[in-house]
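# Architecture and fold: a report
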Amino acid sequence: WGYNAGDTRFKSAQQLTHNLSDISSKGGNYLLNVGPSSEGVIPPACVERLEKVGQWLKINGESIYGTSRGPFKRGLPWGRATQKGDTLYLHVFDWPKDGKLVVPLSNTPLKAYLLAEKEKGLETSADEQGVTIRVTTEAPDKIASVVVLELQGKPVPVVQRLRPAADGSFVLKAEDAEIEGSAKLESIDGVSNIGYWVDPTTTISWNADLPAGDYHVELCYAAEPGSGGNEFRVVAGDQTVSGTIKATGSWSKFETVQLGKLPVPVGTKAIVVRPGKINGPVMNLRWIKLTKAS
């Protein structure tokens, strides 16, 4: 990459910080490109953003440096998590308005506190849903607040099962999926999707207790022109509905399509997506929706 005087689409300090948290939670490193102008000057917009990220790291750097990937295979609904031994660093992007931060862990919590206020402990409790941390109703940090959670033993995630919406439908979101293989959870325009899906043995699954019956299946995905023709299957027990990808125009242009009807057998505990015949990345999958047929 190089400097382009006409390109002013700079990522915000918040997005840069969220990217840093997201990548660290997956065990990766984040490389930022900052190019000088033709006069050898770093653009003021870049300087401003780097300074803001630096200010955040000055307080919360412990949650990034020297950490390993978090214990969760999927993204958390409110943010991300990094880990050091028996301690988790919870990067909260969407602060809970009810003052309850729920962490899907089966461990006994020992101690919790804001990284920016180590001397002030936070109340914790545990039940079948996981560990609940009582926090203030307003986020301490507008970019990303970090809560430290010390546990008894290595973190053990709770197997979360999806629940139906008020109308009885099941929405299988990308951030709730279990990914086995090469695909990765990413964010486009602030919304999660599953991309980089190039290995034909990769599977995507959701834990859900679906009542038996026929379901209409629709999905939201994006695909560039070259990926048209890729095949995939949505599987429930021994039942399958198949689909073929049609290009939407780009990897960031999402469309919703009707796939067909899927019979769900009694005792189904998971919905699985498997690729069939593919040529390159399968698709960017945002969500699948199952609606009970009348």
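For the structure, check the block above.
What comes next is a walk through the structure. (Residues numbered from 1 in each chain as written. Predicted model: local features only at pLDDT ≥ 70, side-chain atom pairs only at ≥ 80, totals over all residues. Heavy atoms only, no water.)

### Some thoughts on the overall build of the chain
Put simply, the rule is: Helix and strand assignments follow DSSP, with helices taken as H or I runs no shorter than four residues and strands as E runs no shorter than two, numbered in order from the N terminus. Every radius of gyration here is taken over C-alpha atoms, with the globule rule written as 2.2 Å times N^0.38, N being the number of residues. When a residue's accessible area, from a 1.4 Å probe over protein chains only, is under 20% of the maximum for its type it is buried; when over 50% it is exposed; and in between it is partly exposed. Throughout, a residue-residue contact means that at least one pair of heavy atoms, one from each residue, lies within 4.5 Å. Here the open area of atoms and residues is found with the Shrake-Rupley method and a 1.4 Å probe, where only the protein chains shown may cover a residue.
Looking only at helices and strands, the chain has two helices and 20 strands in total. Here the chain has a C-alpha radius of gyration of 21 Å; the compact-globule value for 294 residues is 19 Å, and the two agree. Within the span of the chain, comprising 294 residues, buried residues form 43% of the whole. In the chain, the proportion of contacts linking residues at least 24 apart, taken out of those at least 6 apart, comes to 73%. For the chain, the computed accessible surface area is about 15400 Å², with 50% contributed by carbon and sulfur atoms.

### Quick notes on the nonpolar core
Inside soluble globular proteins, nonpolar side chains tend to come together where they are buried. Heads up, the condition is: Note on terminology: a nonpolar core comprises buried Ala, Val, Leu, Ile, Met, Phe, Trp, Tyr and Cys residues joined through side-chain atoms within 4.5 Å.
Among the nonpolar cores identified, the biggest contains 34 residues, and Ile204, Trp206, Val234, Met283, Ile288 and Leu290 are the most heavily contacted of them. Among the elements of the structure, strand E10 (170-173), strand E14 (203-207), strand E15 (213-222), strand E16 (231-236), strand E18 (255-264), strand E19 (270-275) and strand E20 (284-292) are those that each provide at least two residues to this core. Tallying contributions element by element places E15 first for this core, with four residues. Aside from chain neighbours lying at most four places away, what touches Ile204 is Ala177, Glu178, Ile179, Ala183, Ile194, Trp197, Ile271, Val272 and Val273. Of all hydrophobic cores here, the second largest spans 19 residues; its members include Leu105, Ile133, Val147 and Leu149.

### A word on the sheet that holds E19
Note the threshold: Two strands form a pair only when DSSP identifies at least two bridges running between them. A fitted line through C-alpha atoms serves as each axis, taken over the contacting stretch for helices, and the angle formed by two N-to-C directions is quoted from 0 to 180°.
A sheet is described by the order of its strands in space; here five strands give the open sequence E11-E14-E19-E16-E17, paired in antiparallel fashion. The open sheet has two edge strands, strand E11 (178-180) and strand E17 (239-244), and neither has a second partner. Neighbour to neighbour, the strand axes of the sheet diverge by 20 degrees on average, direction disregarded. Where E14 meets E19, four bridges bridge the pair, whose relative direction is antiparallel. Residue pairing in the sheet places Ile204 in a bridge with Val273 of E19.

### Section: the pairing of strand E12 (residues 184-188)
Pairing of E12 with strand E13 (residues 191-195), which is carried by five bridges, proceeds in the antiparallel orientation. If you follow Lys184 over to E13, its bridge partner there is Gly195. In textbook terms, the turn of a hairpin is the stretch between consecutive antiparallel strands, and for E12 and E13 this stretch comprises two residues, one of which, Asp189, has a positive phi near 55 degrees.

### Notes on the packing of helix H1 (residues 13-25) against helix H2 (residues 44-60)
To keep things clear, this is the line we draw: Here roughly perpendicular refers to angles of 65 to 115 degrees, roughly parallel to angles under 35, roughly antiparallel to angles over 145, and oblique to all remaining angles. Handedness of a crossing follows from how the near helix is turned relative to the far one, being left-handed for an anticlockwise turn of less than a right angle and right-handed for a clockwise one.
Contact geometry of H1 with H2 gives a least axis separation of 9 Å together with a crossing angle of 50 degrees. By the criterion of interaxial angle, the relationship of H1 to H2 is oblique. The two elements H1 and H2 cross, and the hand of that crossing is right-handed. Here Ala13, Leu16, Thr17, Leu20 and Ser21 of H1 lie close against H2, whose contacting residues are Arg49, Lys52, Val53, Trp56 and Leu57.

### Some words on unusual backbone geometry
Located in the positive-phi region is Tyr196, a residue other than glycine, with phi close to 55 degrees. Inspection of the secondary structure assignment puts Tyr196 in the loop between E13 and E14. Under the relative-accessibility criterion, Tyr196 is labelled exposed at 53%.

### Comments concerning H2
Turn by turn, an α-helix covers 3.6 residues, leaving residues three or four places apart pointing in a common direction. This is how it is decided: By this rule, a helix spans an expected 1.5 Å times one less than how many residues it contains. As used here, the arc is the angular range of directions from the helix axis to the C-beta atoms.
For H2, which comprises 17 residues, the first-to-last C-alpha distance of 24 Å matches the rise-based estimate of 24 Å (1.5 Å per residue) to within 8%. Among the residues of H2, Cys46, Val53, Trp56, Leu57 and Asn60 are the ones counted as buried. In an axial view of H2, the angular spread of the buried residues amounts to 100 degrees, which keeps them on one side of the axis. Exposed and facing more than 90 degrees away from the buried side of H2 are Pro44, Gln55 and Lys58. Looking at the buried side of H2, the elements it contacts are H1, strand E3 (87-92) and strand E9 (145-151).

### A word on the pairing of strand E5 (residues 109-114)
As judged from the five bridges shared by E5 and E9, these two strands associate in the antiparallel manner. For Leu114, the partnering residue across the bridge sits in E9 and is Val147. Note that E5 and strand E6 (residues 117-121) share two bridges and pair antiparallel. Paired with Tyr113 across the bridge in E6 is Gly121. Taking the residues between adjacent antiparallel strands as the criterion, E5 and E6 are bridged by two residues.

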